[in-house]
Amino acid sequence: MATKSGRGGRAVVRIPPTFFGIALGLSGLSALWVFAGTSFGAPAAFGDALGVLAAVVWIGLTLAYLRQGPRRILADARDATVGPLLAAPVMTAYVLAADVLEPHAPGAARTIVIAFLAIGLLVSGLLTGQWMTGGLEEETFGPAFFLPTVGIGFVGADAAAVVGLHSIAELFFGIGIAGWVLISSVALNRLFFRPRLAPSLIPTMAIELAPAAVAGNAYFLIHPGSPDLLLLGLSGYAALMVIAQIRLLPLYRTLSFTPSFWSFTFPPANMALFALRWLELERPAGSSAYAWTLFAAITVLVGAIAARTIVAAAHGQLLPSPEGAPAVALIRPSDASGPVRSAA
């Protein structure tokens with residue numbers, strides 16, 4: 001659906017940063033299956049096929065997004081509602097290069113990771129600087145703000161460790177830790193003491209699963225060997241957040257579908273990967289059954305959201321409405337419980 005006309009009257013499709021959650025979720029699922037194929041006998045080709053699909057989606061979305069021009073991109077970066085999502089394509093590149101490409105083409109994977117580590121540091125720093133100018137609103141502040149520092153930091157550390165950049169991995173791990181400490185308290189304070197997030201932003205509460213999971217996965221690679229205090233502490237916090245998400249399930253069930261539902265994909269996939277690393281390390285009785293249950297459940301979850309996305313696209317309910325036209329109602333009026341800002 002076109003939102004504006006380019007030179008010569010050409011229509012330019014509006015691709016909001018929210019859509020990068022699709023590529024990120026698919027990449028997380030592919031990384032989970034690649035690990036399952038290496039450690040638990042799952043079909044290796046399935047993980048690779050998912051990686052190819054995620055790469056195609058990522059390339060397509062990136063090209064379409066860049067085609068909107070620098071003015072649109074800068075406007076998104078300044079918009080606190082969608083700006084944090086600009087970290088998602090960088091995180092996707094880390095996962096696809098390190099977890100999917102590296103086993104087949106380590107040289108190319110290392111080159112891509114190095115390039116996107118630099119891009120990720122730039123994106124993280126510029127967005128942080130933008131927020132430091134002030135003007136953020138509590139109504140739209142939430143877990144999505146983890147992505148530029150916590151996401152780029154920990155996922156970047158994971159990717160750097162995979163391609164042998166150990167010192168860089170520790171550097172990015174530090175970015176993740178600092179971002180987590182500084183942003184987590186603000187995000188939780190907003191969730192605890194202010195009115196509930198707008199319905200279009202409620203799915204981003206699933207991102208609370210991600211910090212402990214991505215930190216734990218990175219730490220497994222940076223600090224191999226016997227579990228230490230930090231790894232055990234990360235695991236404890238991960239368990240806490242899993243239980244918290246179970247409590248949120250009734251709230252999630254009241255929502256109408258929007259592209260922000262892809263927030264439900266990457267965090268659970270990384271939490272499952274974190275659990276699989278523990279199963280691989282400890283090898284308790286029935287570990288294979290636990291592993292298959294985990295990656296089958298995450299596959300069903302991501303598959304269901306992908307199917308619902310296809311249905312929404314087929315009915316013209318996925319892309320934003322053209323400027324000046326009435327917006328497609330992706331949120332039921334009865335769901336509204338506070339100020340609503342579109343996540344697109």
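Okay, so let's go over this structure.

Rules of the game
- Residues numbered from 1 in each chain as written.
- Predicted model: local features only at pLDDT ≥ 70, side-chain atom pairs only at ≥ 80, totals over all residues.
- Heavy atoms only, no water.
- Helix = DSSP H or I, 4+ residues; strand = E, 2+ residues; numbered from the N terminus.
- Contact = heavy atoms within 4.5 Å.
- Patch = residues over 30% accessible without salt bridge, like charges linked within 9 Å, V, L, I, M, F, W, Y side chains within 5 Å.
- Areas by Shrake-Rupley, 256 points an atom, 1.4 Å probe, with all protein chains shown as cover.
- Salt bridge = Lys/Arg side-chain N within 4 Å of Asp/Glu carboxyl O.
- Phe/Tyr/Trp six-rings, centres within 6.5 Å; stacked < 30°, edge-to-face > 60°.
- Buried < 20%, exposed > 50% of the residue type's maximum accessible area, 1.4 Å probe, protein only.

## Some thoughts on the environment of Ala-213
Position of Ala-213 among the secondary structure elements: in helix H8 (residues 210–222). Along the backbone, Ala-213 and Asn-270 are 57 residues apart, and their C-alpha atoms lie at a distance of 5.7 Å. Contact partners of Ala-213, with chain neighbours within four places excluded, come to Asn-270, Met-271 and Phe-274.

## Description of a nonpolar patch on the surface
Among the surface-exposed residues, Val-242, Ile-246 and Leu-249 lie close enough to one another that they form a single nonpolar patch of about 250 Å² accessible area. Locating Val-242 in the fold gives a position in helix H9 (residues 229–252).

## Focus on the packing of aromatic side chains
Counted according to the given criterion, the structure contains 18 aromatic pairs. Both rings, one in Trp-33 and one in Phe-46, keep their centres 4.6 Å apart while their planes meet at 75°; by these two values the pair is edge-to-face. With a gap of 13 residues between them, Trp-33 in helix H1 (residues 20–39) and Phe-46 in helix H2 (residues 44–66) connect regions that are remote in the sequence. Ring geometry for Trp-180 and Tyr-237: centres 5.5 Å apart, planes at 65°, overall edge-to-face. You can see Trp-180 sitting in helix H7 (residues 166–193) and its partner Tyr-237 sitting in helix H9, a full 57 residues away along the chain. On the accessibility criterion, Trp-180 (12% relative accessible area) is buried. Classification of Tyr-237 by relative accessible area gives partly exposed; the value is 22%. Linked through ring pairs, Phe-154, Phe-173, Trp-180, Tyr-219 and Tyr-237 together constitute an aromatic cluster.

## A look at the pattern of salt bridges
Throughout the structure, instances matching the rule amount to three salt bridges. A salt bridge links Asp-76 to Arg-72; the shortest N-O distance between them is 3.2 Å. You can see Asp-76 and its partner Arg-72 sitting in helix H3 (residues 70–78), four residues apart, about one turn around the helix. Classification of Asp-76 by relative accessible area gives buried; the value is 1%. On the basis of relative accessibility, which here comes to 24%, the residue Arg-72 falls in the partly exposed class. We note a salt bridge from Arg-194 to Glu-138, for which the minimum N-O separation is 2.7 Å.

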